[in-house]
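# Secondary and tertiary structure notes
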Amino acid sequence: MNLDWSVVWDHRRQFLDGALMTILLTVVTMSLALPGGLLLALLRLSPLRPVRLCATAFVEFFRATPLILQIYWAFYVLPATFDIRLPDFATGVIGLSLNVSAFNSETFRAGIISVRQGQTNAGLALGLSKTQVFIYIILPQAIMRVLPALANTWVSLFKDTSLVSTIAIAELSYVSLQIRARTFRFLEMLTAMAAIYWIMGYPQAKLADWIHRRFKVQE
Amino acid sequence: MPINLSPILDRWQFLAYGLWTTLVVSSLAISLGFGLGLFIGLLRTYYGRWLDVPCGFFVDTMRSIPVLVILIWAYFGIPLITGISWSTTTAGIVGLGCHLSAYVAEVIRAGLTSIRPGQFRAGLTLGMSPFQIVRTIIVPQAAIRMLPPLGSLVIITVKDSAIAAVIAVPELMRQSQIIAQWTFRPFEVYTVAMIVYFLICFPLARGIDRLYRRLAPLGSS
């Protein structure tokens, strides 16, 4: 089998664009999914039962169905059945953000619940309002505790952006498979694709491990 | 908007076959992933550094590459290198299983090391062999602690099996795509597929939660 690696170098611009698109998708999705997740977590902790039920149903639904199917649903069903036409990038980001918001909301909820009731009571006793107690006392502690879980979600999201290649968003996997189809350099392209993901993903996985060690909740 | 379920009802066998394949692929990938993961996790916890480095490299590689890429590699890459050609389903099972094994190995290692080393030493003073200590003292406690993360890995694998549609494994997602293309009824087909996945994953998640809540007191040390 003769391999021709120059073909990878020839397409370096496309690979770079693909990698940048992957990073862009990750960053945009996460910046939507962090507030989204926090909002959902608050809705799930709301004293109103219907609000709580709706938020729970949303979260459980998105957590119990495959992301790729959610993306397909957004891409094929929204335009065909509801006549909602969005650019591909927006469709991909919406699919990813709804999914990641659901996962983030569970993380935030666990973090908020983990701060003991006594702290809320102490804050209220000092004359703080409920909102102040949440913003100044509960939230900072909760965020520190959920950082490791958020780091894991970040790494998963980075990898899951590859799924939007199925709806023709030109991120790294899509670009690699396109070049593969055009040049018939199968093994070179598959190796380049895996290697670029590895180069980007490995440090992130290691960073997530470090955050785990650094911010671990002590028993 | 009129809902027309006949495309699904007419071809229910085609979809049922997809569901069956999803269940088979998921359970075989889970068996492979748990077996391999247990093996790697034990090696990394109890054997020296020289095994830790290659195992760690495998685990971290699987954790930093998307499942999609692993599946494409399993189906297109491995046959090109080794000359062995296998069916999409086998490639899907191997790809999903290898990906899962890395996460299982991490959970196993974290669970085993979470049992305090004093217990191991106590076992040694009682004259037990290291294998006996691991089997009768460490694993039973660690297994309960590992249950929630391992349970979520099971559910993640069922969901990830849908990604195998990309390499044309005839599972539920793939069969749904085909029917959606034939009938031009994406709404009904994909919604039904989503409900079916939900009906598999949601009870599974709740079941594991309940099991853990019953067993949790046994795992505290």
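The paragraphs below set out a description of the structure included in this document. Note on numbering: residues in each chain are counted from 1, in written sequence order. Labels are handed out in written order, letters beginning with A for the chains and numbers beginning with 1 for the ligands. In view of the model being predicted, local features appear only for residues whose pLDDT reaches at least 70, and side-chain atom pairs are presented and counted only at 80 or more, with totals across whole chains, interfaces and linings using the full set of residues. Only hydrogens and water are set aside; all other atoms, that is, all heavy atoms of the structure, feed into the side-chain values.

### Digging into the overall build of chain A
Counting its regular elements, chain A contains 9 helices and 0 strands. Reading chain A from its N terminus to its C terminus gives the helix and strand order α-α-α-α-α-α-α-α-α. Across its three principal axes, chain A shows a C-alpha extent of roughly 75 × 45 × 25 Å. Contacts are residue-level and defined by heavy atoms, with any inter-residue pair within 4.5 Å sufficient. Taking all contacts inside chain A whose residues are at least 6 apart in sequence as the whole, residues at least 24 apart take part in 78%. Residue exposure ignores everything except the shown protein chains as possible cover, and the areas themselves are Shrake-Rupley values with a 1.4 Å probe. With an accessible surface of roughly 11100 Å², chain A has 66% of that area assigned to carbon and sulfur atoms. To qualify as a helix, a DSSP run of H or I must reach at least 4 residues; to qualify as a strand, a run of E must reach at least 2; elements of each kind are numbered from the N terminus.

### Brief notes about the interface of chain B and chain A
Every contact between the two is made by 36 residues of chain B and, on the other side, 41 residues of chain A. A side-chain nitrogen of Lys or Arg and a carboxyl oxygen of Asp or Glu constitute a salt bridge if their distance falls within 4 Å. Linking chain B with chain A are 3 salt bridges, by the criterion used here. Among the secondary structure elements, those contributing two or more residues to the side of chain B that touches chain A are helix 3 (49–64), helix 4 (67–82), helix 5 (88–114), helix 8 (172–183) and helix 9 (186–215) of chain B. In terms of residue count, helix 9 of chain B provides more of the side of chain B that touches chain A than any other element does, 11 residues in total. Here the residues of the side of chain B that touches chain A are counted per class, giving 26 nonpolar, 6 polar and 4 charged. Under the scheme applied here, ten amino acids are nonpolar (Ala, Val, Leu, Ile, Met, Phe, Trp, Tyr, Cys and Pro), four are charged (Asp, Glu, Lys and Arg), and all others, including Gly, are polar.

### Describing the environment of P203 of chain A
With respect to the helices and strands, P203 of chain A occurs in helix 9 (residues 186–215). Taking C-alpha positions, P203 of chain A is 14 Å from I23 of chain A, a pair spaced 180 residues apart along the chain.

### A word on the packing of helix 2 (residues 12–44) of chain A against helix 8 (residues 172–183) of chain A
All names here are of chain A. Lines fitted to C-alpha atoms define the axes, with helix axes restricted to the stretch in contact, and inter-axis angles between N-to-C directions lie between 0 and 180 degrees. At a closest axis distance of 7 Å, the pairing of helix 2 and helix 8 adopts a crossing angle of 155°. Relative to helix 8, the element helix 2 is oriented roughly antiparallel. Along its contact with helix 2, which presents Q14, F15, G18, A19 and T22, the element helix 8 presents L172, V175, S176, I179 and R182. Residues that form the contact of helix 2 with helix 8 fall into these classes: 5 nonpolar, 4 polar and 1 charged. Here the word oblique covers every angle except those under 35 degrees (roughly parallel), over 145 (roughly antiparallel) and from 65 to 115 (roughly perpendicular).

### Focus on the pattern of salt bridges
Side chains that carry opposite charge are capable of pairing whenever their charged atoms lie near each other. Here the structure, examined in full by the defined rule, presents 16 salt bridges over all chains. Where E106 of chain A meets R63 of chain A, a salt bridge forms, and the shortest distance between an N and an O atom there is 3.9 Å. A residue pair is termed long-range when its members are at least 10 positions apart, and E106 of chain A in helix 5 (residues 88–114) and R63 of chain A in helix 3 (residues 49–63) qualify at 43 residues. The partner of E188 of chain A in a salt bridge is R185 of chain A, with the nearest N and O atoms 3.1 Å apart. When a residue's accessible area, from a 1.4 Å probe over protein chains only, is under 20% of the maximum for its type it is buried; when over 50% it is exposed; and in between it is partly exposed. Residue class for E188 of chain A comes out buried when judged on its relative accessible area of 2%. Taken together, the shared-partner salt bridges connect K206 and D209 of chain A together with R44, D52, D60, R63, E106 and R109 of chain B into one network.

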